[in-house]
Amino acid sequence: MRVLVVGGGGREHALVWKIAQSRHVNQIYCAPGNAGISKLAECINIKPTDISGLANFAAAQKVDLTVIGPEAPLIAGIVDRFEARGLPAFGPATDPARIEGSKAFAKELMVRYGIPTADYELCSDANTAHETVARWFRRPEVAERGLVVKADGLAAGKGVTVAGTEAEAHGAVDEMMVRKVYGAAGDRVIIEQRLIGEEVSIMAITDGDFIVPLPPSQDHKRVGDGDTGPNTGGMGAYSPVPIVPDDIAERARELVLKPAVAAIRDLGIPYKGVLYAGLIITDEGLKTLEFNCRFGDPETQAVLPLLESDLLEIMDASVNGRLDEVDVTCARGSSACVVAASGGYPGAYETGKLIQGLDRAAQAEGCLVFHAGTREANGQFLTDGGRVLGVTATGPDLRRAVSRAYAGMKQISFEGMHYRNDIAGRALS
Ligand code: GLY
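Let me begin by describing the structure that accompanies this report.

Cut-offs and rules
Residues numbered from 1 in each chain as written. Predicted model: local features only at pLDDT ≥ 70, side-chain atom pairs only at ≥ 80, totals over all residues. Heavy atoms only, no water. Phe/Tyr/Trp six-rings, centres within 6.5 Å; stacked < 30°, edge-to-face > 60°. Helix = DSSP H or I, 4+ residues; strand = E, 2+ residues; numbered from the N terminus. Buried < 20%, exposed > 50% of the residue type's maximum accessible area, 1.4 Å probe, protein only. Lys NZ or Arg CZ within 6 Å of the ring centre and 35° of its normal. Near = heavy atom within 4 Å. Polar contact = N/O pair within 3.5 Å; in protein donor to acceptor, adjacent residues only side chain to side chain. Areas by Shrake-Rupley, 256 points an atom, 1.4 Å probe, with all protein chains shown as cover. Nonpolar A, V, L, I, M, F, W, Y, C, P; charged D, E, K, R; others polar. Salt bridge = Lys/Arg side-chain N within 4 Å of Asp/Glu carboxyl O. Pairing = 2+ DSSP bridges. Contact = heavy atoms within 4.5 Å.

Regarding the packing of aromatic side chains
(1) Moving on: This model, assessed by the stated rule, comprises five aromatic pairs.
(2) Moving on: For the ring pair Tyr29 and Phe57, a centre distance of 4.9 Å and an interplane angle of 85° mean the geometry is edge-to-face. Taken together, the positions of Tyr29 in strand β2 (residues 27-32) and Phe57 in helix α2 (residues 51-60) put the pair 28 residues apart, joining distant regions of the chain.
(3) Moving on: Residue Tyr29 is classed as buried on the basis of its relative accessible area, which comes to 4%.
(4) Moving on: Positioned above the aromatic ring of Trp136 is the side chain of Arg139, whose terminal nitrogen or guanidinium carbon lies 4.5 Å from the ring centre.

So, in structure tokens, the structure goes:
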């Protein structure tokens, strides 16, 4: 098969790495890819949001399957546009992708189909949102815990404020609805109950009927050790997650994924591709924080090395509605991914810094290096983004996976490099 992977981050490097092992693959393209991906795939300079450009390329190169990494092209309708041209693409169509594209859509769907989630109110103007915040803060549990303000639309991984005080909540409303920091994504906001508990992500592959959850993983969103500092795209992940119930994937399938897939089917279009459920285990049981319509990053860098089956076969089966016919098995061990970022990230950062030690890291026991923001110039690897790369290691247990990942990461250096030192820390303590 000839495969095109859309995207250029660590997630896409992990996807390309896994697809390259398929017995069905004979050519991989990646748009736009990165310096690491270019060792496994032919990188082409087309942006993930240039849907016409991607479709023209896929048609000209007779691509058999296009795999879309990021959410933006999915929500913009890439799968529908490819299908209209007879080009198979792995991922949900535009309507189902609203499960990530609109938090209001996702919340309404969860309430209607009995999917456990936090209480919320949707506000369509700033006055109503301020009134709602003030009313909610008169409740003792909100005064004590705070609440969450979420922009309805896609805000590039941002647009969610956990407000500990009423003043912070009003500030978040103003930021989203008055100052329009996230543009039209903040036209409507959700005021939501703040839940406390251990978070876990379940990425499942579905063909709109059959649902296959991959091993659970846990992301580390804050930039600093001990979950301090601002939110990032994700500074590391590990899998599976021993601090949540062993049957979490099964419970997620029954309580969250099955009803969500049924809800989308009731809208008239099957949900195909990856359905990612962000969950939290509270004192009142499992609740759903969010859905994503694609693989998580860095979760994918941690989870795919545990997948023993042929990913391309699984994706092809998802597109063709025969996921029940393929084998999906995962290794019994653990894996951990540590992400290294540019100095200043998630704020402003410089690029073009020389990256050293990549070969030594790749040779370290159990280690894989997945590039994210990198480029190659004159045979050297340079930084080219906020999150620069991830080192994933597998091992017979989580402790060994984590210590191997850090041993690999210690081989790498670039000016300004920083990474968290406590990936999987709570699980190991
Ligand atoms: N790591 C979180 C995400 O991919 O959305």
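Having seen the structure, we can now continue with the description.
As for the site of the ligand
(1) Moving on: Around the ligand, the surrounding shell consists of Asp219, Gly233, Tyr276, Asn292, Arg294, Gly296, Asp297, Pro298 and Glu299.
(2) Moving on: Interatomic distance of 2.8 Å between a side-chain N/O atom of Asp219 and a nitrogen atom of the ligand.
(3) Moving on: Glu299 places a side-chain nitrogen or oxygen 2.9 Å from a nitrogen atom of the ligand.
(4) Moving on: Calculation on the ligand without its partners gives an accessible area of 200 Å², and the protein chains cover 87% of this total.
(5) Moving on: Across the shell around the ligand, the residue classes break down as two nonpolar, three polar and four charged.

Side note on the pattern of salt bridges
(1) Moving on: In total, this model carries 29 salt bridges according to the counting rule given.
(2) Moving on: A salt bridge links Lys353 to Glu415; its shortest N-O distance comes to 3.4 Å. Of this pair, Lys353 sits in the loop between β18 (334-341) and α13 (358-363) while Glu415 sits in the loop between α14 (398-409) and α15 (425-428), placing them 62 residues apart in sequence.
(3) Moving on: Residues participating in the shared-partner salt-bridge network are Glu198, Asp227, Arg420, Asp422 and Arg426.

Describing the pairing of strand β22 (residues 387-395)
(1) Moving on: Counting buried positions along β22 gives seven out of nine residues, so the element sits mostly inside the fold.
(2) Moving on: Of the pairings in the sheet, the one linking β18 to β22 comprises eight bridges and is antiparallel in character. Considered in β22, the bridge of Ala336 is made with Ala393.
(3) Moving on: Relative to β22, strand β19 (residues 367-371) runs antiparallel, the two sharing five bridges.

Description of the environment of Leu368
(1) Moving on: Looking at where Leu368 falls in the secondary structure, it is placed in strand β19.
(2) Moving on: Between the C-alpha atom of Leu368 and that of Ile78, which follows or precedes it by 290 residues, the distance is 30 Å.
(3) Moving on: Residues contacting Leu368, with those up to four places away along its chain left out, are Trp17, Pro305, Gly390, Val391 and Thr392.

Here we look at unusual backbone geometry
(1) Moving on: Cis geometry marks the peptide bond from Ala31 to Pro32, where omega comes out at 0°.
(2) Moving on: When you line up the elements, Pro32 lands in strand β2.
(3) Moving on: Residue Pro298 is bonded to the preceding Asp297 through a cis peptide linkage, with omega at 20°.
(4) Moving on: The backbone of Lys62 sits at a positive phi, close to 55°, despite the residue not being glycine.
(5) Moving on: In this structure, Lys62 sits in the loop between α2 and β4 (65-68).

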